[in-house]
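Fold and contact review
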Amino acid sequence: MTAGARTHFQAAGVLMLSADEVAAAVVDTPRTGEAGTELVLTPGHGAARYVPTPLR
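Small disclaimer: the values here were computed from a predicted structure and weren't measured. (Residues numbered from 1 in each chain as written. Predicted model: local features only at pLDDT ≥ 70, side-chain atom pairs only at ≥ 80, totals over all residues. Heavy atoms only, no water.)

Let's talk about a nonpolar patch on the surface
- Taken together, the side chains of Val22, Val26, Leu39 and Leu41 present a nonpolar region at the surface, about 280 Å² in accessible area.
- Mapped onto the fold, Leu39 is located in strand β1 (residues 39-40).
- Overall, the relative accessible area of 34% leaves Leu39 in the partly exposed class. (Patch = residues over 30% accessible without salt bridge, like charges linked within 9 Å, V, L, I, M, F, W, Y side chains within 5 Å. Areas by Shrake-Rupley, 256 points an atom, 1.4 Å probe, with all protein chains shown as cover. Salt bridge = Lys/Arg side-chain N within 4 Å of Asp/Glu carboxyl O. Helix = DSSP H or I, 4+ residues; strand = E, 2+ residues; numbered from the N terminus. Buried < 20%, exposed > 50% of the residue type's maximum accessible area, 1.4 Å probe, protein only.)

Rendered as structure tokens:
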């Protein structure tokens, strides 16, 4: 999705995940998560389950 602009993002110092990293998180979620699990993927960190913050 970002192939055309990837070098521009990298030149600007934007960290990006590879397609393999995203695919691995998607494949692992049904095995390790519960139904409706949403993930946060951040370069350099493992996948983390999204936990919404309650609105006040």
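Quick look at the confidence of the model for the chain
- Averaged over every residue, the pLDDT of the chain is 83; residues scoring 70 or more account for 96%.
- Helix α2 (residues 19-32) is the least confidently modelled element of the chain, averaging 82 in pLDDT, while helix α1 (residues 6-11) averages 87, the highest of any element. (pLDDT = per-residue confidence, 0-100.)

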